[in-house]
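If you want the building blocks of each chain, they are given just below.
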Amino acid sequence: MVSLKKEKSRKVIIMEQNPLLLMQAQYSTFSKVSHKIATYIMEDPDRAISNSIQQMAKDLSVSEASIVRFCRTIGLAGFGELKMQLVKYTASSPLPSFF
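Here is what the cut-offs are and how they apply
- Residues numbered from 1 in each chain as written.
- Predicted model: local features only at pLDDT ≥ 70, side-chain atom pairs only at ≥ 80, totals over all residues.
- Heavy atoms only, no water.
- Axes fitted to C-alpha atoms, helices over the stretch in contact; angles between N-to-C directions.
- Helix = DSSP H or I, 4+ residues; strand = E, 2+ residues; numbered from the N terminus.
- Parallel < 35°, antiparallel > 145°, perpendicular 65-115°, else oblique.
- Left-handed = near helix turned anticlockwise from the far one by under 90°.
- Contact = heavy atoms within 4.5 Å.
- Nonpolar A, V, L, I, M, F, W, Y, C, P; charged D, E, K, R; others polar.
- Phe/Tyr/Trp six-rings, centres within 6.5 Å; stacked < 30°, edge-to-face > 60°.
- Buried < 20%, exposed > 50% of the residue type's maximum accessible area, 1.4 Å probe, protein only.
- Lys NZ or Arg CZ within 6 Å of the ring centre and 35° of its normal.

Chemist: Mind showing me how you'd approach the packing of helix H2 (residues 32–43) against helix H4 (residues 53–60) here?
Modeler: What describes two packed helices is the angle between their axes and the distance between those same axes. Direction vectors running N to C along H2 and H4 enclose 115 degrees, while the axes themselves pass 11 Å from each other. On the basis of their axis angle, the class for H2 and H4 is roughly perpendicular. At the point where H2 passes H4, the crossing takes the right-handed sense. From H2, Lys36, Ile37, Tyr40 and Ile41 reach across to H4, where they touch Met56, Asp59 and Leu60. Across the contact of H2 with H4, the residue classes break down as 5 nonpolar, no polar and 2 charged.

Pasting the structure below:
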């Protein structure tokens, strides 16, 4: 979805995309750590939504910074945006299981 925002009399285009589709499209290019993070999220998006970044990092034995870098790799600002986009897209259009 593309939306336009007016910001101080200039137009800013904001691209919003389903993070699950972004992960699926880039999965083959991910590092070992990114694979772990993507798999965790894709297998159970609700768990990713409800858990904190600290809990996810603990569950995966990765650093919180790795999770933030992963979010940026798929084009999101960080973990908060990932959770917001997951809520938005998992509620509006359930996807079939990736695995």
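Now that the structure is up, let's keep going.
Chemist: Teacher, can you tell me more about the packing of aromatic side chains here?
Modeler: Two descriptors summarise a pair of aromatic rings, namely the distance from one centre to the other and the angle between the planes of the rings. In this structure the tally under the stated criterion is 2 aromatic pairs. Considering the side-chain rings of phenylalanine 30 and phenylalanine 70, the 5.3 Å spacing of their centres and the 70 degrees angle between planes classify their relative orientation as edge-to-face. Remark: phenylalanine 70 occurs in helix H5 (residues 64–73) and phenylalanine 30 occurs in the loop between helix H1 (19–26) and H2; sequence separation between them is 40 residues. Among the residues examined, phenylalanine 30 registers a relative accessible area of 8% and is labelled buried. The structure contains a cluster of three or more aromatic residues connected by ring pairs, namely Tyr27, Phe30 and Phe70. Above the plane of the ring of tyrosine 40 lies arginine 47, whose end atom (NZ or CZ) is 3.8 Å from the centre.

Don't take any of this as a statement about function, it's just geometry.
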